[in-house]
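This is what each chain is made of:
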Amino acid sequence: MCFLLLSGNLIAQSSHHKKTFAFYTKKQDRGVLRKSNPAINLNLKNATLGQALQMIADQAEASLYYKTGVLPDKKITIHLKAVPFSKALQKVLAGTSLKVTISGRSIMLQKRQITARKLAKAPEQQTVSGTVRDDSTGNPLPGVNIKVKGTTNGTSSNGKGHYSLDVSSLQDTLIFSYIGYRTRTVPINGRTKINISMRSQTLVGQQMVVTGYGAAESKQDITGSVSSVSSKDLEHTAKPGNTVDMLAGKLPGLRVKETSGEPGSYSSSFDIRGFGSPLVVIDGVPGGDLHRLNPNDIKSINVIKDATGAEYGVRAANGVIIVTTKQGQEGQVHLNLRSTYGWSTPTSAPTPMNAYQYASVKDGALVNAGNPPAFSKKQLQQYKNGTLPSTNWEAAAMRKYAPQYQEQFSASGGSDKVNYFLSLEYLKQQGRYKSGDLNHKRVNFRSNVTAHITDNLKTSLMVSGHQDQQNTPGHSAYVVNRGLYWNYPTRPVYANNNHNYLQQVPDGKNTVAGTNANITGYSHNLGRQLTGVLKLNYQIPFINGLAAKGFYSYRSYYNNNKTWHPQYTLYSYDKSTKKYIPHIHRAHTTLNRYFRQSTQTDAHVSLNYNRTFLGKHNIKAFVLFDQETRRGDDFYGNKQFPLSIVDHLYAGESANQQINSDVITPYGDEGLVGRLTYKYNSKYMVTGRFRYDGSSKFGPGHKWGFFPSISVGWRISSENFIKNNSNLDFITNLKLRASYGKVGSDNSSSFQFLSGYSYPGPSYVFNGSLVKGFSSRGMANPNITWYTSRTTDIGLDGNLWNGALDFSMDVFSRKRTGLLGTLNLSLPATVGASLPQQNLNSDLNHGFEFQLSTKDRIGSAFFKVSGNVAYTRHKNLFIERHPSSNSYNNWRYNNSNRWTDIYWGYTVVGRFQSMKEIKNSPVQDGKGNTTLMPGDFKYKDYNGDGVINYKDMHPIGRSDTNPEMTFGLTLSGNWKGFDLSADFQGGALSNISYLGSEQLVQPLPFGRSGLAQFTNRWHHKNILDPSSPWVKGYYPPNRGIHNSGSPNYQPNTFWLQSTNYVRLKSLEIGYTFTPHVSGVQSIRLFANGYNIFTWTGLKNLDPERVGEYAYTIQKRFDVGVNFKF
Amino acid sequence: MKKVILYLSTVVFVGIVGVSCNKVLNVKPQNIVTGSQILSSKKSVQAELATLYSQMPLEDFNFHAHNTYHGYTNGWLEVLSGLTMENKDHNINSIPGDGTWLEWWNQGYSSVRQINKFIASVKKSKKFSKQQLDQWLGEALFIRAYDYFGLVKRYGGIPLITHVQNYTGNNLTKLQVPRNKEKKIYDFISTELDSAATLMGPTSPAGRANKYVALALKSRVMLFAASEAEYAPVQMNGLLGIPSSDADQYWKQAYNAANKIIQSGQYSLYDKYPNDRAKNFDQLFLHAKDNPEVIFAKYYQYPQKVHHFDLWRLPYEYRSPHGYSSDDAPTVQLLQAFDYKDGSNGKLKIKNSQGQRIEYKNPLDLFKNKDPRLFATAILPFSKWKGKVVHVRAGIIDNGDTITTNNFNDTYKGMNVIGASGIGGGEVSSTGMYMRKHLNPNYPASRVNSGSATPWIAFRLGGVLLNYAEAAAELGKMGDAARAINKLHARAGIAPVKPSQVTVNTVRHEDKVEEVDENKYYWDMRRWRIADKVLDNYYCKALYPFYNYQDKAYVFKTVKVGYSETFQPRMYYEKIPSGEISKDPKLKQNPGY
């Protein structure tokens, strides 16, 4: 209920006592102040001023802090009914020496006598002026109180942080004070201009956490497991183009993996606690695109990791990521312009062989297999000394650095009736290809406007969208990358080195041709998304603390894809005839068009009730009805072209043209959500939540599920034994919390409850015409329904020395039951149909997270360090399978009650050193060891039966390439306008097996070329002479082109590599200054890098990159400037 | 007032919930129809029949029996012709006799289930005329019989399921059925096909069954039953094998069924090119439409329903721009199986009586006077394909030196060392020959990658004549056998046989050359129980032509290629998938697995 909150920042100050009390609102950002006047109801008899103010605060959803003694010790009796907030304050404070004045964006409470300062001005007075800024951000601070020490003379800074004060002597001392900042005492020392910066003070409870359906809770009151980042944490992170990548390492429990560096691929994966794909909710709209979000629009990201996301029922089983975008603030207009220009280059990639390496490895392999060599001794010599040329395909097609460019603009501001936040972003990235035909462009816009229609009614319209286009040349990144390793270095790029004739290579995957759209064509992928959100917020005037809200969102996606694949010609040069022989590639010139359009609507209405009774009992109740629908439609067409000139469908032939569409099943979901929170004196907190959820995927009677959760919190630091113990006064906050809940998932295909037939099924030709058939759907399961996750989380949050040290730890487990499986294995095939999926299987995830941060100042340098570590592992509890016929089968194949990431293989105990050793060792190739040669892996006889076969395979590592353990470390600091932030990120406890790859286990796959690393292999001293002695190497000896049959290529400990790594993910250095140009608030110059250094033991691959042929992960470097007006 | 507001808001709230539930959650599937819609119109029945026909184990170009087909990219034909050693695949090595290669258990029973369902609803329907329903029922019985034939020839006796079984949650033991005796399955197929032949009319639209299609199947199935009785031992209490006393009645059934088709006069041997016997035999397989010889075929239609026979088998120099070619190659053994026109033994004249290699100025002279069917079955070295000579050279001999290379572009004294489709380069024939039967010269190279539409002929009169001849020979009616074979000889353009010369082996030899790459001969070797003698320890042989530079003539060498093949006696039956044995305790595994 975010807009039911009082969003103003109310400041009360008593200059006499130099003590303050304040209403801190639920806003994290100090600059976010807005007038809002929620209706206040009070019904008090003989209450203290403190109790009265507390009640106002509670109703306004603000927290109240003050030190005893500030308020006059007086009892009041007051009855107020739906009185606007500011009036209520005035009434409560009437008759005291405190007065409410509403000025600009802040509401100030001041002692009455201060106002007379102007009158006391003496004629000989002089003026001191200057600007007050935030020490860490450099932003000007409006509303700072400046006072001459020992007098009542004072002023406050204006919207630009500027102040001017008349003083009686330039030897006086000034006192600068501001809520949330440390007070500074500055002797004037004869100066007339004093610019100062103020350092913020951590105030516990200030940080707000947004949870389900916009509920905001102060961090100290939260009972669920939620990690948060705010705009501040992202501001100085390098922006690689994909917003998900910026989050790597920043949030404990959020695993981010960058799987490809291809511009516009947006393929990074992320999950929470290893649970699978989480629900992303952006401004209340489920299913948003976090990848393509403009990072400058983000106000906060909150990751709900436990069952407290149960309000989202159906999709909350994997956790929820809640993104809130920025809103304008009442007061001054802020304009922000940020431009960067940068370059990207691969992090690490294997090196292909040169011609000599290729020829010698090839000959060695042939000779080892008993075949004649392909290259003569003379040729080898010529390749070695350079008489014969060697081709570097990478250098021919790729550039070292690819440029990128990003422009971000935003404007925000508002009046007491309307506020707005507008933004625009443009991103352009180039790929590695010299041709420039791989590139990506994206435009984002956002307009968040809120209007206060009446005191009780507020409405917001938030419109946002993006369009992005990825252009790729005719060969995919996979094919191009494969070509870099496959293509023979002994062949030139151009036939006979004549640049008019590109050289023919096997399969036509000449890298220079493949990266050039003029030769091999292109694929243009355009995506567009438009989201509109309308919100209404009504403070019901007749019932204390009751508000109603309406929400409607409409999102449309649009995809337009055009793939043009013309025929192209490569050439070989026939020396005997001196002719170029053309080789035509692709059977036809074809054009594919694909259009898809889909819409999603989400509507909800809710009632929210929030009241505090007797000053200590706070109750919040919330009920919501939610409805979501998704619909889609698509269409695609394909034609063949007689000429490769005009790339439009109208130029194609109608013969063999194809049009089609996909089956897109509509989807609907409905839910009734409830939440009830009770807080006692901010010491004990309990929240119950439920969602009664219905999904269209299930059959009648099984659509609805009930998913409850409960969370409790105990703020230990509020107990007297801590509060009253002076030895423990370093404990600012300490809270124990626990949550337990059940959430559901409908992650199954639709209509499994229906039997009958699917149409169309297989087709058949009757009498010369094609007849589409029906395919039987087999047996249906009318009972198929939700699977459920039960998540338990216990956490401890602490804050020590008033924010100098902050920590949070969690242990969790998630047990899922009713996972879909089939009983198929126990039903004989003679029945002729497999059983449908049923809710049979179960699994378990568990782990922990720990987060620690500290901040301090050394001299004028301010720094902050925060680190986190998270661990998660996944286990099957029950997997349906047919009973094992013996104990070995049970051990080997029964996955119930077992970690899911066990990798089975052989242990390599060493290498065979000689033929004699091979002869005397247990048979491990099934053919009496006749296929083995020195340098081959010697496997451990695990079961000791004297033979090495599949029964000797045993768990040797982890099969999951996603790290079980992740770390993150963020350092930031600033000093005199300079700032620096660094993000380290890492992962541990994961493996990758090279066995699945073509290139990483052997050179010359499919008879093509390979990687240079394989020159370090066991080989004969004279590779052409199989009787010469063996020379040891890292890799086993190679033979022939088909190595797959050799025992060397069985799963084993040699090919299984650890992917542990730590990398300096982001580093940014900036310098901020204020130029003497009117209108310019500040200018920040900065430089940053992304993926700068990686520390890993993994050879030849980037630890995050999936697959040897994926587009390489990129290091990126940017320089930029940020103007604020 | 408070109460009114509360009440009003509750009404609004509940109203939204009530109104919208049904609409939002009850979304309609786009592509699912109910069982009752199947028998609602002739068109929908035709659609259902399309599926049933498509699931028949026709073992054609696209048929993949085994789920993973062991790396075979191109279907059944490749597997079966590889197994017979008629052809050698250039990638696949030896075939393990683990009994899983021809696995067709799950698919078979899945198809049987859908037919059982269809039969039940046809029997219940009153919406159509009896004649119409009979025709459909006959087709369904024919397809089910075909499915059971596919199962019984692989596994021997198997569970006979003729109704739709459903799992109710507690009837698992009822669904665990035992195997029936092999004889029972063959008898079932026999009577079902008799019913089908009675129910269906004598003609049908192309691609669908009729009376004679059912009889054609019957004549073939009965040869299998008779062979099992005649040549296979009875094992496992009759789950495998048939008592030999039944042999004659099955031979007779085969003889009678084939005879009915021959006597009907509805079909005749394809004889469109009487002056070019090779071309005639070649064209027979490319023209299934309006082809008087075709009894039943599976048709394809470009571009929606295609196969990729040509893509994988075109000679290297004719391959499509996408690549791929030369996948299976006929072997020397196959070449030698074709006799000479005059009826003499087909052994190739590579060496003279002194053991010296014969030099051929025209390399095609090696095949002079061979059975014309050979030239329509295989592309031979230096024969013409699409009007162009296919150059298949293994190398050049110059003054006793042999020059070879693995690079197509390499030249020696101005001459290409190996031909454009020659031996030694990558992705070329492993034997020096290419498959020709079913290969369609009318497809441009650019087209073959998108697929071929050459039909698959499942039953033709030529095959029925062979069924007839075999049954007759087994029954001692050598005159009938000779008459049938001589019809084929006359069409092929080779010398007739005399009834006095005819033996069972005469018919078997005719099977081998007439039906190459029609996926019959492998099964024939199994049912005759000769596979373990013929195929075990067997190497395919390649034919390497070398050019003698001085003599300007060719000599030929035969070379063993690949690995030795194995055929163990247990391979006469496939292995029942081991998962099935553990799921159904009443199932007994075949011996040796």
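Please read all numbers here as calculations on a predicted model, not as lab measurements. All residue numbers refer to position in the chain's written sequence, counted from 1. Note on labels: chains are lettered from A, ligands numbered from 1, in written order. Only residues with pLDDT of at least 70 get local features here, since the model is predicted, and only at 80 or more are side-chain atom pairs given and counted; chain-wide, interface and lining totals rely on the full set of residues. Side-chain figures throughout are based on the complete set of non-hydrogen atoms in the structure, without hydrogens or water.

As a further point, take unusual backbone geometry. Backbone phi values are negative for most residues with the exception of glycine, while trans is the configuration of most peptide bonds. Going from A:Tyr759 to A:Pro760, the amide bond is cis rather than trans, its omega being -5°. The way it works is that DSSP assigns letters per residue, a run of H or I at least four long becomes a helix, a run of E at least two long becomes a strand, and they are numbered from the N terminus. Tracing the backbone shows A:Pro760 in the loop between strand 40 (757-758) and strand 41 (763-766). The amide bond that connects B:Tyr302 to the next residue, B:Pro303, takes the cis arrangement and shows omega of 0°. Looking at where B:Pro303 falls in the secondary structure, it is placed in the loop between strand 3 (294-298) and helix 11 (309-313). Although it is not a glycine, A:Asn496 adopts a positive phi angle of roughly 55°. With respect to the secondary-structure elements, A:Asn496 resides in the loop between helix 8 (477-486) and helix 9 (511-514). Under the scheme applied here, a residue whose accessible area is under 20% of the maximum for its type counts as buried, over 50% as exposed, and between as partly exposed, the area being computed with a 1.4 Å probe on protein chains only. For A:Asn496, a relative accessible area of 42% translates into the label partly exposed. The residue B:Lys386 is not glycine, and still its phi comes out positive at about 55°. With respect to the helices and strands, B:Lys386 occurs in the loop between strand 6 (384-385) and strand 7 (388-389). A residue is classified by how much of its surface remains accessible, and B:Lys386, at 37% relative accessible area, is partly exposed.

On to the confidence of the model for chain A, then. All names here are of chain A. Within chain A, residue pLDDT values average 85, and 91% of them lie at 70 or more. Across residues 1-35, where pLDDT falls below 50, the model places 137 contacts with residues more than four positions away in sequence or in other chains. A score between 0 and 100, pLDDT records how confident the predictor is in each residue. Should any heavy atoms of two residues lie within 4.5 Å, those residues are considered in contact. Long-range and interchain partners of residues 102-107, a stretch whose pLDDT sits below 50, account for 19 contacts in this model, where long-range means more than four residues apart.

The subject of this paragraph is the pattern of salt bridges. All names here are of chain A. Any carboxyl oxygen of Asp or Glu within 4 Å of a side-chain nitrogen of Lys or Arg constitutes a salt bridge here. Following the criterion strictly, the structure yields 73 salt bridges over all chains and no others. Arginine 432 is the salt-bridge partner of glutamate 394, the closest N and O atoms lying 2.6 Å from each other. Note that glutamate 394 is positioned in helix 7 (residues 393-397) and arginine 432 in the loop between strand 26 (418-430) and strand 27 (439-452), a separation of 38 residues in sequence. For glutamate 394, a relative accessible area of 24% gives the class partly exposed.

Before going further, it helps to spend a moment on the sheet that holds strand 40 of chain A. With respect to topology, three strands assemble into an open sheet ordered 43(A)-40(A)-1(B), the strand pairing being antiparallel. The open sheet has two edge strands, strand 43 (775-776) of chain A together with strand 1 (32-33) of chain B, and neither has a second partner. The criterion for strand pairing is that DSSP finds at least two bridges linking the strands in question.

Residue and element names in this part refer to chain B. Patch members must show over 30% relative accessible area and no salt bridge, and they are joined within 9 Å when carrying like charges or within 5 Å when they are nonpolar side chains of Val, Leu, Ile, Met, Phe, Trp or Tyr. Each accessible area is a Shrake-Rupley estimate made with a 1.4 Å probe; only the visible protein chains count as cover when residues are assessed. When charges are tallied, Lys and Arg are placed among the positive residues and Asp and Glu among the negative ones, while His and the ends of the chain are skipped. To locate a charge, take NZ of a lysine, CZ of an arginine, CG of an aspartate or CD of a glutamate. On the surface, Lys347, Lys351, Arg357, Lys541 and Lys560 cluster together into a patch of positive charge. Tracing the backbone shows lysine 351 in the loop between helix 12 (332-337) and helix 13 (372-377). Assessed through its relative accessible area of 46%, lysine 351 is described here as partly exposed.

For the rest of this paragraph, the subject is the nonpolar core. For our purposes a nonpolar core is just a set of buried Ala, Val, Leu, Ile, Met, Phe, Trp, Tyr and Cys residues, chained together by side-chain atoms within 4.5 Å. Of all hydrophobic cores here, the largest spans 153 residues; its most connected members are B:Tyr53, B:Phe142, B:Ile189 and B:Phe459. The biggest single contributor to this core is helix 5 (residues 130-155) of chain B, with 14 residues. Once residues within four sequence positions are removed from consideration, B:Phe142 is found in contact with B:Tyr53, B:Met56, B:Leu193, B:Ala196, B:Met200, B:Ala209, B:Val213, B:Ala214, B:Leu217, B:Phe296 and B:Phe459. Counting residues in each nonpolar core, the second largest holds 51 residues, with A:Met353, A:Val361, A:Leu380 and A:Trp904 among its members.

Contact with chain A, which involves 73 residues of that partner, is made by 72 residues of chain B. Buried area is understood as the total, over both parts, of accessible area removed when two parts are fitted together, assessed with a 1.4 Å probe. Summing the contributions of chain A and of chain B, the shared interface buries around 6100 Å²; its carbon and sulfur component is 65%. Three residues stand out in chain A for area buried against chain B, namely A:Tyr757, A:Tyr764 and A:Thr830, and they jointly supply 14% of the buried area on that side. Counting the contacts that link chain A with chain B gives zero salt bridges. For the side of chain A that touches chain B, the element with the most residues is strand 34 (residues 617-641) of chain A, which contributes eight residues. Split by residue class, the side of chain A that touches chain B holds 36 nonpolar, 28 polar and nine charged. Where strand 40 of chain A meets strand 1 of chain B, two bridges bridge the pair, whose relative direction is antiparallel. Within the sheet, the bridge partner assigned to A:Tyr757 lies in strand 1 of chain B and is B:Val33. Each residue is assigned to one of three groups, with Ala, Val, Leu, Ile, Met, Phe, Trp, Tyr, Cys and Pro labelled nonpolar, Asp, Glu, Lys and Arg labelled charged, and all others, Gly among them, labelled polar.

All names here are of chain B. Its 18 residues place the ends of helix 9 (residues 247-264) 26 Å apart at the C-alpha level, agreeing with the 26 Å of an ideal helix rising 1.5 Å per residue. Within helix 9 the residues assigned to the buried category are Ala247, Tyr250, Trp251, Gln253, Ala254, Tyr255, Ala257, Ala258, Ile261 and Ile262. Among the structural elements, helix 7 (182-199), helix 8 (211-231), strand 3, helix 15 (461-474) and helix 16 (478-492) are those in contact with the buried residues of helix 9. Phi turns positive, to about 75°, at glycine 265, one or two residues after helix 9. One fewer than the residue count of a helix, multiplied by 1.5 Å, yields its expected span.

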